[in-house]
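One letter stands for each residue in the lines below.
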Amino acid sequence: MLTAEENALLTQTGPGAPMGNVFRSYWTPTLLSRELPEPDCAPVRVKLMGEDFLAFRDSNGRVGVVEPRCPHRGANLFFGRNEECGLRCVYHGWKFDVEGNCIDMPSAKPHQDFKHKVRAKAYRAAEKAGIVWVYMGAAKKPPALPGFEILDVPEDEINLTFIMRECNYLQALEGEIDTSHFGFLHAGHVDPDNVDEDAPLRQTITDRAPEYHVSDAPWGTQYAGYRASGADQTYWRFANFLFPFWTQAPNGEFGSHMHARAWVPLDDTHTMFVFIWWKKAVAANSQPQPTFKDGTPIGGTGRLDELLPNSTDWLGRFRMPANAGNDWHIDREAQRNNTNYTGIEGVHLQDQAITESMGGIVDHDLEHLAPSDLMITRTRRRMLIALRALRDTGELPPGAEDPSIYRGARSGYMLTDGLDHKAWQNVYDTEFAAAAHP
Amino acid sequence: MLTAEENALLTQTGPGAPMGNVFRSYWTPTLLSRELPEPDCAPVRVKLMGEDFLAFRDSNGRVGVVEPRCPHRGANLFFGRNEECGLRCVYHGWKFDVEGNCIDMPSAKPHQDFKHKVRAKAYRAAEKAGIVWVYMGAAKKPPALPGFEILDVPEDEINLTFIMRECNYLQALEGEIDTSHFGFLHAGHVDPDNVDEDAPLRQTITDRAPEYHVSDAPWGTQYAGYRASGADQTYWRFANFLFPFWTQAPNGEFGSHMHARAWVPLDDTHTMFVFIWWKKAVAANSQPQPTFKDGTPIGGTGRLDELLPNSTDWLGRFRMPANAGNDWHIDREAQRNNTNYTGIEGVHLQDQAITESMGGIVDHDLEHLAPSDLMITRTRRRMLIALRALRDTGELPPGAEDPSIYRGARSGYMLTDGLDHKAWQNVYDTEFAAAAHP
Amino acid sequence: MLTAEENALLTQTGPGAPMGNVFRSYWTPTLLSRELPEPDCAPVRVKLMGEDFLAFRDSNGRVGVVEPRCPHRGANLFFGRNEECGLRCVYHGWKFDVEGNCIDMPSAKPHQDFKHKVRAKAYRAAEKAGIVWVYMGAAKKPPALPGFEILDVPEDEINLTFIMRECNYLQALEGEIDTSHFGFLHAGHVDPDNVDEDAPLRQTITDRAPEYHVSDAPWGTQYAGYRASGADQTYWRFANFLFPFWTQAPNGEFGSHMHARAWVPLDDTHTMFVFIWWKKAVAANSQPQPTFKDGTPIGGTGRLDELLPNSTDWLGRFRMPANAGNDWHIDREAQRNNTNYTGIEGVHLQDQAITESMGGIVDHDLEHLAPSDLMITRTRRRMLIALRALRDTGELPPGAEDPSIYRGARSGYMLTDGLDHKAWQNVYDTEFAAAAHP
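All of the points below concern the structure found in this document.

Residue and element names in this part refer to chain A. In total, this model carries 75 aromatic pairs over all chains according to the counting rule given. Taking the centre distance of 5.0 Å and the plane angle of 80° together, the rings of Phe23 and Tyr169 count as edge-to-face. A residue pair is termed long-range when its members are at least 10 positions apart, and Phe23 in helix H2 (residues 18-23) and Tyr169 in helix H3 (residues 169-174) qualify at 146 residues. This pair shows no difference in class: Phe23 is buried, exactly as Tyr169 is. Look at Trp263 and Phe273: their rings are 4.5 Å apart centre to centre, the planes differ by 20°, and that puts the pair in the stacked class. A residue pair is termed long-range when its members are at least 10 positions apart, and Trp263 in strand S16 (residues 259-267) and Phe273 in strand S17 (residues 270-278) qualify at 10 residues.

Take a look at the structure:
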């Protein structure tokens, strides 16, 4: 169990917070590139780890990420003019480039000009795979982008989904490394004695109490949930936590499956779920879980509500219409009739609802963790070690300096012959070697 | 006058507050039984003295009152499945019975199961007279329900009204033990020189400054307001404060009148008015006060707005559409024309508006109390003595151990011959003995 | 630059704050007289420097300004009956006159009456020029009203505009004594090389970096912005800050121009702009700035949105429909096409938007002030000196005792022959003497 102090350490990500500093050691996926559709388009308000920024694309197509307040008198640069390679404050015309340099100060006579002494706070931005990445750290030379395989896939084979979740990143992330909820939250309404032998994921239903192997991994932590499948096979579900806020969940067949999922704190009670996934992966074509929309499989995220239109508010991007204020559109009749275990529609919304239902920041120190929560326990410990190492000795957390460690990480499910589960890491290595790679 | 410290002592009812502990020594009327209409129906969010609960009715019809957070990982049990004698968390399937015991832990293998070590916080519930009562105290064996006569009346002769008031319980309650406002707030527009001699309650108008007797009573405090009625009669209005949050107001003829009114803190700025009243009481058929609706007398509460539909929010039950945000629909023209003293419609809403208008918690230490506020002063003193006794010596407050003390309490108005008012308690005893009793 | 402590001293105006005490040394323009249209009309909720009041007009037409809570038990006098020369609480009928005296206590018998001991807190009110003025200070004999020339103009020659601004008074006020933003915020879209030689205000565009003279003045501070106009003329813009929250801006020709603009704190994040201006002034008939509405010049405030209807809320008066919540209806296309520099419509709304965009209270200690901000720097210093003098020695601030100092203050623009700018105060004196005076 966590102490209240550890709970605070793990959940707080603002400027100066130890976990905030861990997160700031990496590039953070922040916007879809298409949110800044063309040079000199309108800036976008972005909140990241409790800090407010404007993202804009300059005349040359470069992305800038700057604080919203003009250093002159504090007017808001959101209303600025994005023109001629800079964002110009409309109050007195001061202009700032993507690096935050003041490059024009027209309200001053030439002999009074002191623009070289003025800077807007700015963070470095990069674009890859249709995503704007932001580096908020202190390093003069930022690290490379994380080396996920999925980021090397041709861009037209990548799907991107952003969805805001209204809770702390940690409780959102922990839902991802917890295979034991699958048979309840998503499929608890299915009768385990009456599952078609060919149904995908049937093992999550016929045995709802899997056992686990959990260990540290170069990128963070890894688990394998395993169950017997019939008399002589083992059904595996591998998943990863990857520093600082990434997960890979077993929502596809291991061999074809490639993705990365980030749980990015906007502030400590709002998290952006960033899902980068391979269109050609073989998804869990798994009746009876509701991963179909109008008859069409839509991948591992379940049936998504249409998102609300983005607004210009700091927290106005990629919101679901079902939320705490409307009880996530729970259908009590469906719940009672057992046509849907929760009465909440779709795998993604079920995860969203249950983690948001815990409140903004769950009191992790009040929990009663079970053996099925072993991956969570291990991951928290790994996070605490990393944040204390950075705080106390300056040691950078895993992958911050060597983004190639992400390359070895995969998730997914698979069947193997036999019931021996001890050599689980060999199973992983063998399957990884055999899998398709970009 | 109160000190600021006494003000805080009297108005704060959360966990650990001295007055909160007084209140937790009793059963609290909390829901209408029909809010939980059938076994395994949806749970209801309930706030009580600053604590959040779920009320649910299990498969056997028993009512449970449990904390909303699942002890496992903090998911909200409001979204749980109410099935097979327990509320089951939809995250990992843990199930809790009406006493908070964890009775199923299906995500754990049998050898890992530790359900006997897990409990959700739960309070005892009982049902009587169409009401769900909750005991939040620490006693192993809770007391009996309060012994109000009205609770022994056949259930089909009882009317129940719940209305939320958006202010502290104390200022709401004090409006009930203050007969002097009647001739102003509710009937100030009536010309005292032009009241029909047969009009009920005419004495509250012809003499708007009654005198009072006030004393302690076994159940709390009692007052008799008295005025001369004509040359040779005395018009009495008897009312009670009864521990911990009950009142009996003189809104009916003493002989036939039977009711109990509770002012239950949901939190320190929201109060549930719970009105239990006898359908066969002779109501104040009293023109010109607006106790008629479409020609039909509707008892002592005046003309009630239709309530808003209950929502599932913690504070979403039994709200009036007229509220602070719309100035309680005040009609300035009616106020100016003197067709309605306040311009606010109906006795209940007038009381609601004036006490809510004081703000969430009135600063009782800023008041200028008058002789007509003697009952209020006496009641506060009695409450302070009781809360200090419990806090300092553990002595339980009046009626907590002996609920029969409520049986002797009645309110109402009456006329007696003569103008002698000294033997007021004899008047009470004589009328009480002569009154109808269930 | 300011320290954080000076920032707090300058921006906080509540009871007991040093700047609050400066402001309370003067009469404050608070309501339009027509907000209280007739004797015994409904009271109006007013917030002023963080305090809540009710303004009402009694049966004799006198205006009262009293605290909203009834001294008896705290009921809200907003719901009171305004009748027979007083505001009567509808709870128990206590009545208060415009001076706060309790003049009736009908719930008490004559021998119990203690109304002479009860007072509602009240402030003195006066009416002049269509405005209700309030004096919140401690002086037994309040000062005279400020001696602005405009207040002596016949009432039918005066225009009054009230508009609420959602930010601290200081950042609102400072936009007024900052001529350098004119050529950007309001006219930045105009090509300086292509301005008609006869266009009014053309100098603000052809030379966007004016130079300044700034000095203390009897009423506060004064600046003259000056630029060459052609080869042999000087274009001047004179403006004033006048204690405690007044400005005079150069939005008219000096000779005919007469006005006073107040920035009255409702609380520390809401300010009422009060604009008192002379209908016969020659306004800046100045294409291309958008001071025309449907072809009709509408004075110096630019194109005003229609105001929202006043509500009865404490902050519900004179609100613009364009506000932070809707990005002040910014038109990004107009901004990009350069048909409007900001994309925000009208001079007033541009000022409103840019100062509100800074947030409730700007961190003045984070600014980078430029030479063009000299008037702002000087004014803050003058304010700090005055508030410290009052705080530390009780010395009243400028004009509090001698309101005649305002009479010498004028603002406006003008052309003079020659390019010598040193004798700027002679220019002012000469023009002031030659100007029309009421």
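Attention shifts here to the pattern of salt bridges. As enumerated under the stated definition, the model contains 78 salt bridges over all chains in all. A salt bridge links Arg388(A) to Glu6(A); its shortest N-O distance comes to 3.7 Å. Placement of Arg388(A) in helix H8 (residues 374-393) and of Glu6(A) in helix H1 (residues 4-11) is noted, with a sequence separation of 382 residues between them. Classification of Glu6(A) as buried rests on a relative accessible area of 16%. Of the charged contacts in the structure, one is a salt bridge between Glu367(B) and Arg380(B), with a shortest N-O distance of 2.9 Å. Of the two residues, Glu367(B) sits in the loop between helix H7 (347-356) and helix H8 (374-393) while Arg380(B) sits in helix H8, which places them 13 residues apart along the sequence.

All names here are of chain A. Within the fold, Leu77 resides in the loop between strand S4 (63-66) and strand S5 (81-82). Put simply, Leu77 and Arg332 are 255 residues apart on the chain and 47 Å apart in space, counted from C-alpha to C-alpha. Every residue in contact with Leu77, bar those within four places of it in the chain, is listed here: Pro43, Leu54, Glu67, Pro68, Arg69, Cys70, Leu87, Cys89 and Phe96.

With that settled, the discussion passes to the interface of chain B and chain A. With 34 residues of chain B at the interface, the matching set in chain A holds 37 residues. Summing the contributions of chain B and of chain A, the shared interface buries around 2900 Å²; its carbon and sulfur component is 52%. If you look at where chain B meets chain A, you find five salt bridges. Arg73(B) is the partner of Asp373(A) in a salt bridge, and the nearest nitrogen-oxygen pair spans 2.8 Å.

Before going further, it helps to examine helix H9 (residues 424-434) of chain A. Residues and elements named next belong to chain A. For H9, the full list of buried residues reads Trp424, Val427, Tyr428 and Phe432. End-on, the buried residues of H9 take up no more than an arc of 125°, which puts them together on one face. Residues of H9 that are exposed and angled more than 90 degrees away from the buried face: Thr430, Ala433 and Ala434. Residues of H9 that are buried make contact with strand S12 (211-217), strand S13 (220-229), strand S14 (233-242) and strand S20 (412-417).

Cut-off values and rules
- Residues numbered from 1 in each chain as written.
- Chains lettered and ligands numbered in written order.
- Predicted model: local features only at pLDDT ≥ 70, side-chain atom pairs only at ≥ 80, totals over all residues.
- Heavy atoms only, no water.
- Phe/Tyr/Trp six-rings, centres within 6.5 Å; stacked < 30°, edge-to-face > 60°.
- Helix = DSSP H or I, 4+ residues; strand = E, 2+ residues; numbered from the N terminus.
- Buried < 20%, exposed > 50% of the residue type's maximum accessible area, 1.4 Å probe, protein only.
- Salt bridge = Lys/Arg side-chain N within 4 Å of Asp/Glu carboxyl O.
- Contact = heavy atoms within 4.5 Å.
- Buried area = accessible area lost by both parts, 1.4 Å probe.
- Arc of directions from axis to C-beta.

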